[in-house]
Each structure stands twice: as C-alpha cells, then as structure tokens.
Amino acid sequence: MSVPAAKSGGLGGGQARHVAIIMDGNGRWAKKRHVPRALGHQKGVEAVRALVHGAAGLGIEVLTLYAFSTENWQRPEDEISDLTRLMKRFILSDLDEMADNNIRLKIIGDYSAFTPDLVELIERALERTKANTGSTIAVALNYGSMDEIARAARLAAAKGAITPETIAANLDTADLPPLDLLIRTSGEERLSNFLLWQAAYAELWFTEVLWPDFTADHLKQALDAFAIRERHYGGR
Ligand code: IPE
Ligand code: IPE
Ligand code: MG
C-alpha cells in the first residue's frame, strides 16, 4: 500500500475502496445505561455484525476494524478476558456466514499474543476464508502502528534499503488498497496508534455516535461526505 500519485483538478473522493474504523465508546455506552462495561462490548460486537451485513451494498473493498490495540493490554484483566471471550464467540457464530458471503478475513497486528484457543480459532477463520474474492474484513488485534512500522522497518532492513516503498511493502496492510477514509466514533478525535502510516492521505471523519449505536446508515453518511471531499495528495 502506498500513497497515490497526485491527481490534478482536486476531484471528489468518489467511491471509497478502503475504509477503517476506530470503534470507540463501548464503555461510555454502558455507563450511560448503568449496565456492566462487558455489555457495552457485547453490543459493540453486535454493531460489528450488523455493519458487516450492512456494508455489503456500499461498494467498499476493505473494511478495517480496530478491535484491540497494543495499549489495550493495560486494561483490567477481567475486561481483557471479556473481550477475548467475545472475539471467540464472534468467530464461532459468524464465520460460516462470512465465508458463505465470500468475505475474506484478515488480521493486522500480532494476534499470537492472545490465548491459544483464540489463536487457533483465528487461524481456522483465516484458512477458511483465504480464497474468498469478495470484500475483505481486516480486524486489528493487538495492533499498534508504532509496532507495525518498527516490524516493517526491520523486515525492510533485512532485505536491503529502508525507503517509504520498502517499509510500506512490509506493513501488515501491504496487500490492501490505499486507505481512503478513517472513521472514529464516540467524539474522540485522535488516532490512538492506528494506521498512522496508512492515514498519511486518508480522509478523516468523526462522529459523536458511540460504537454500539453505529449503523450502516452512519457509514453511508461518512461515505457520502467522503465522496465530495477534494483530495490533492500535495498536488493541485
Ligand atoms: C472501544 O470502547 C473498545 C475497545 C477499545 C476494545 P472503549 O472500551 O474504549 O469505550 P470507552 O472509550 O471507554 O467509552
Ligand atoms: C482505541 O480506543 C482502540 C480501539 C478502539 C480498539 P481506546 O479507547 O483504547 O483509545 P484511547 O485510549 O481513548 O486513546
Ligand atoms: Mg475508548
């Protein structure tokens, strides 16, 4: 994945091929309702499920979802185990349908850090969907951009010169189209170590909506906003 060459004329963004989402606000969703934080995460997974269905007709080739960051290990152990349990349950309940819908699952980040049973389920899901040719759902698990860039730089150095191109070719996203649109929910306007390199020329879209309340209609709103953004890539 590289930065596209400058296009002249400042054309509108058109159809977004690669959209990424920082799915934030599960905790606040639960707090607002005076329910356990785990329920916020559970509703968050339900929002993912609905979005994977809802995104089908929107022409997106790749949807990259930030599910667990390298910094999220700092959370209490019981929250980490709730999240792990939800990830396992999601794969068990939704893999068949994703596979049947020709969706390819991809993981960015070092998922080997999770419990062996989750690692095994992830590998089964990757194997099962690897030949699928429809859209790609890339899930960021134990993902941090700084870690990813450091790993990519090490790989590039081992093979030869370190240049923007050789680093990009060794990122976890190397096989994906350039990032067009980066969405963050819950009113926070920061990247939190997500796709720092890839976001160099992505369009950013923020919403106050908390992740469990995010629907395909919100995604459509973001895509409509993207379609009329002028992108220059430093050109004119
Ligand atoms: C996002 O929701 C989910 C993960 C980071 C795993 P949060 O848990 O960060 O929710 P808030 O930000 O506390 O509301
Ligand atoms: C970013 O959200 C990580 C995910 C959505 C997985 P956080 O809630 O962890 O980010 P900060 O700590 O508020 O920046
Ligand atoms: Mg948060």
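This text goes with the structure placed above it.
Residues numbered from 1 in each chain as written. Chains lettered and ligands numbered in written order. Predicted model: local features only at pLDDT ≥ 70, side-chain atom pairs only at ≥ 80, totals over all residues. Heavy atoms only, no water.

### Considerations on the pattern of salt bridges
A pair can form between side chains of opposite charge whenever their charged atoms are brought close. This structure, assessed with the given rule, holds 21 salt bridges. Note that arginine 151 is salt-bridged to aspartate 147, the shortest N-O span being 3.0 Å. Residue arginine 151 and its partner aspartate 147 are located together in helix H5 (residues 145-159), separated by four residues, close to a single helical turn. Overall, arginine 151 belongs to the partly exposed group, its relative accessible area being 23%. (Salt bridge = Lys/Arg side-chain N within 4 Å of Asp/Glu carboxyl O. Helix = DSSP H or I, 4+ residues; strand = E, 2+ residues; numbered from the N terminus. Buried < 20%, exposed > 50% of the residue type's maximum accessible area, 1.4 Å probe, protein only.)

### What to know about the layout of surface pockets
Considering only enclosed or pocket space, the largest pocket measures out at about 770 Å³ in volume. Lining of the largest pocket is provided by 36 residues; of these, Met23, Tyr66, Ala67, Phe68 and Leu83 occupy positions nearest its centre. Top contributing element to the lining of the largest pocket by residue count: helix H3 (residues 77-100), with seven residues. The calculated volume of the second largest pocket comes to roughly 280 Å³. (1 Å grid on protein atoms, 1.4 Å probe; cavity = no way out; pocket = protein on both sides within 12 Å on 5 of 7 lines; lining within 4 Å. Points joined across faces, edges and corners; volume = space filled by probe spheres on them.)

### Let's talk about the pairing of strand E4 (residues 136-140)
A regular strand places its side chains on the two faces of the sheet in alternate fashion. With five of its five residues buried, E4 lies for the most part within the structure. Every second residue of E4 is oriented toward a common face, with Thr136, Ala138 and Ala140 on one face and Ile137 and Val139 on the other, all of them buried. As paired elements, strand E2 (residues 62-66) and E4 share five bridges and run parallel to each other. Residue pairing across strands places threonine 64 opposite alanine 138, the latter belonging to E4. Note that strand E3 (residues 104-108) and E4 share five bridges and pair parallel. Across the sheet, residue isoleucine 108 finds its bridge partner in E4, namely alanine 140. Following the backbone out of E3, through helix H4 (residues 116-129) and into the adjacent parallel E4, one traces a crossover that is left-handed. (Pairing = 2+ DSSP bridges. Right-handed = clockwise from strand over helix to strand, strands pointing away.)

### Looking at the site of ligand 1
Taken together, 13 residues lie around ligand 1, and Asp24, Gly27, Arg28, Arg37 and Arg75 are the ones closest in. Between ligand 1 and glycine 25 there is a distance of 3.4 Å, counted from an oxygen atom to a backbone nitrogen or oxygen. In the environment of ligand 1, an oxygen atom lies 2.9 Å from a nitrogen or oxygen atom belonging to the backbone of glycine 27. When the free accessible area of ligand 1 is taken as 380 Å², the share hidden by the protein chains comes to 86%. (Near = heavy atom within 4 Å. Polar contact = N/O pair within 3.5 Å; in protein donor to acceptor, adjacent residues only side chain to side chain. Areas by Shrake-Rupley, 256 points an atom, 1.4 Å probe, with all protein chains shown as cover.)

### Observations concerning the site of ligand 2
Neighbouring residues of ligand 2: Ile22, Met23, Asp24, Tyr66, Ala67, Phe68, Asn72, Arg75, Arg184, Arg190 and Ser192. Here an oxygen atom of ligand 2 sits 3.0 Å away from a polar atom, N or O, in the side chain of asparagine 72. Calculation on ligand 2 without its partners gives an accessible area of 390 Å², and the protein chains cover 76% of this total. Cavity membership is defined here by more than half of the atoms lying within 2 Å of grid points; on that basis ligand 2 lies in the largest pocket. Of the residues that constitute the shell around ligand 2, the class distribution is five nonpolar, two polar and four charged. (Sits in = over half its atoms within 2 Å of the grid points. Nonpolar A, V, L, I, M, F, W, Y, C, P; charged D, E, K, R; others polar.)

These figures come from the coordinates and say nothing about function on their own.
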